[in-house]
Amino acid sequence: MKFLDETKVYIRSGDGGAGAVSFRREKFIEFGGPDGGDGGRGGDVWVEAVNGLNTLIDFRYQQHFKAKTGQHGMGRNRTGAGGEDVTLKVPVGTQIFEEDNETLIVDMVAEGQRYRLAAGGNGGFGNAHFKSSTNQAPNWANPGLEGDEKTLWLRLKLIADAGLVGLPNAGKSTFLAACTRARPKIANYPFTTLHPNLGVATIDGNEFIIADIPGLIEGAHEGVGIGDRFLGHVERTRVLLHLVSAQEEDVAKAYKTVKHELEAYGGGLEDKPQILALSQIDVLDEDELKVKSKALAKACGSPPLLLSAAVGKGMTEALRALRGVIVAAKAGEESGEENV
């Protein structure tokens, strides 16, 4: 299944049904009077966040969504039926923007969350509605109101607790595959990962979601390589795990390159809690490991974690470090909600 995180759709709510012009005609009733019913209301267009989706690929094959028109009113004071609604089912984490792709309408952050994007038009009044003491036989009715139509942008930002960042071939996909049941593509060439992957990690009885995104290179914020468009998928995370490959000649430069790209992107990523780890340490001997870990510690101001996902070394410590930050962040959010 292909990954799609941004798409454009056209929506239109249903028109209201027209009111009816009708008069009661029955034997032995001399002055029947008007009995035209009202038109039904047009259908609404809704958006709903559902579980089980992590891409907008469904909207690649259908971009137009139109709700049904309300039925017209009928004689004998019968009101027309309302038009059927249309619901766009999107993954949790989808943002809905106006046509300018900048004005945010709603952020779908919880499963089951619903929002009405376009309201259906009201049905028109039938001629029975206009009967009065001075006009006992009105021969007109209202047409139904037109529905709303608009073009919208849907942009997906995956919801995960932890995000993996680093240069290409830093071991991010290997880390994800080692600690979760996700099976991302792993190979010894740059940009093996072309779209984000999600996995659920478990440590000490706690579960949390990890997001792996394509690697960043120098100039990614200017579109070099795959660019930084996938960084939006780690905006919602509570912590970042920054992996620096032990195979890099200059580990300090590798760290600073990714750090600069995170700062250039913005979105609050530069302020997120970050855990630094020297990955793929199984390729180094003891002396080289000491030199590179010391250089990395000097660049970031604290000693990095040492791990190798391929042989399982240091994985438990890394997962516990991530879990600690995530649990603390959740506790802070809950206490903040209670104070509100």
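Structure shown above.
All of these numbers come straight from a predicted model, not from anything done at the bench. (Residues numbered from 1 in each chain as written. Predicted model: local features only at pLDDT ≥ 70, side-chain atom pairs only at ≥ 80, totals over all residues. Heavy atoms only, no water.)

## Structural notes on the packing of aromatic side chains
The full count for this structure, using the stated rule, is three aromatic pairs. Between Phe 125 and Phe 130 the ring centres are 6.4 Å apart and the planes differ by 75°, which places this aromatic pair in the edge-to-face class. When its relative accessible area of 23% is taken as the criterion, Phe 130 is described as partly exposed. Residues Phe 130 and Trp 140 carry aromatic rings whose centres are separated by 5.9 Å and whose planes lie at 40° to one another, so their mutual orientation is tilted. Of this pair, Phe 130 sits in the loop between strand E7 (114-118) and strand E8 (149-156) while Trp 140 sits in the loop between E7 and E8, and the two are ten residues apart along the sequence. A connected cluster of aromatic rings, assembled from ring pairs, spans Phe 125, Phe 130 and Trp 140. It is Arg 114 that lies over the ring of Trp 46; its NZ or CZ is 4.5 Å from the centre. Here the guanidinium or amino end of Arg 155 rests over the ring plane of Phe 97, the centre of that ring lying 4.1 Å away. (Phe/Tyr/Trp six-rings, centres within 6.5 Å; stacked < 30°, edge-to-face > 60°. Buried < 20%, exposed > 50% of the residue type's maximum accessible area, 1.4 Å probe, protein only. Helix = DSSP H or I, 4+ residues; strand = E, 2+ residues; numbered from the N terminus. Lys NZ or Arg CZ within 6 Å of the ring centre and 35° of its normal.)

## Regarding the sheet that holds E8
Strand order in the open sheet formed by five strands is E3-E1-E8-E5-E6, with mixed pairing between adjacent strands. On the outer flanks of this sheet lie strand E3 (64-66) and strand E6 (104-108), each paired with one strand and no other. Direction aside, neighbouring strands of the sheet carry axes that sit 25° apart on average. Pairing of strand E5 (residues 94-97) with E6 involves four bridges; the strand directions are antiparallel. (Pairing = 2+ DSSP bridges. Axes fitted to C-alpha atoms, helices over the stretch in contact; angles between N-to-C directions.)

## Some thoughts on the side chain of Thr 7
Of note, Thr 7 is situated in strand E1 (residues 6-12). Residues contacting Thr 7, with those up to four places away along its chain left out, are Leu 56, Phe 59, Leu 152, Trp 153 and Leu 154. (Contact = heavy atoms within 4.5 Å.)

## Structural notes on the pairing of strand E2 (residues 45-50)
Burial of E2 is extensive: five of the six residues sit out of reach of the surface. Two strands pair when backbone bridges link them, and E2 and strand E4 (residues 86-91) are joined in this way by six bridges, in the parallel orientation. Its bridge partner lying in E4, Trp 46 is registered against Thr 87. Across four bridges, E2 lies against E7 in antiparallel orientation. Residue Val 45 lies in a different strand from E7, and its bridge partner there is Ala 118.

## Let's talk about helix H3 (residues 286-300)
With 15 residues, H3 extends 21 Å between its outermost C-alpha atoms, agreeing within 8% with the 21 Å of an ideal straight helix rising 1.5 Å per residue. Those residues of H3 that sit buried are Leu 289, Lys 292, Ser 293, Leu 296 and Ala 297. Buried residues of H3, viewed axially, fall in a sector of 140°; they line one side. Pointing more than 90 degrees away from the buried face of H3 are the exposed residues Asp 287, Lys 290, Val 291, Lys 294 and Lys 298. If you check the start of H3, you find a side-chain oxygen 3.3 Å away from the backbone N of Asp 287, and it comes from Asp 285. Trailing H3 by a residue or two, Gly 301 shows a phi angle of about 90°, which is positive. (Expected span 1.5 Å × (residues − 1). Arc of directions from axis to C-beta. Polar contact = N/O pair within 3.5 Å; in protein donor to acceptor, adjacent residues only side chain to side chain.)

In short, geometric facts, not functional conclusions.
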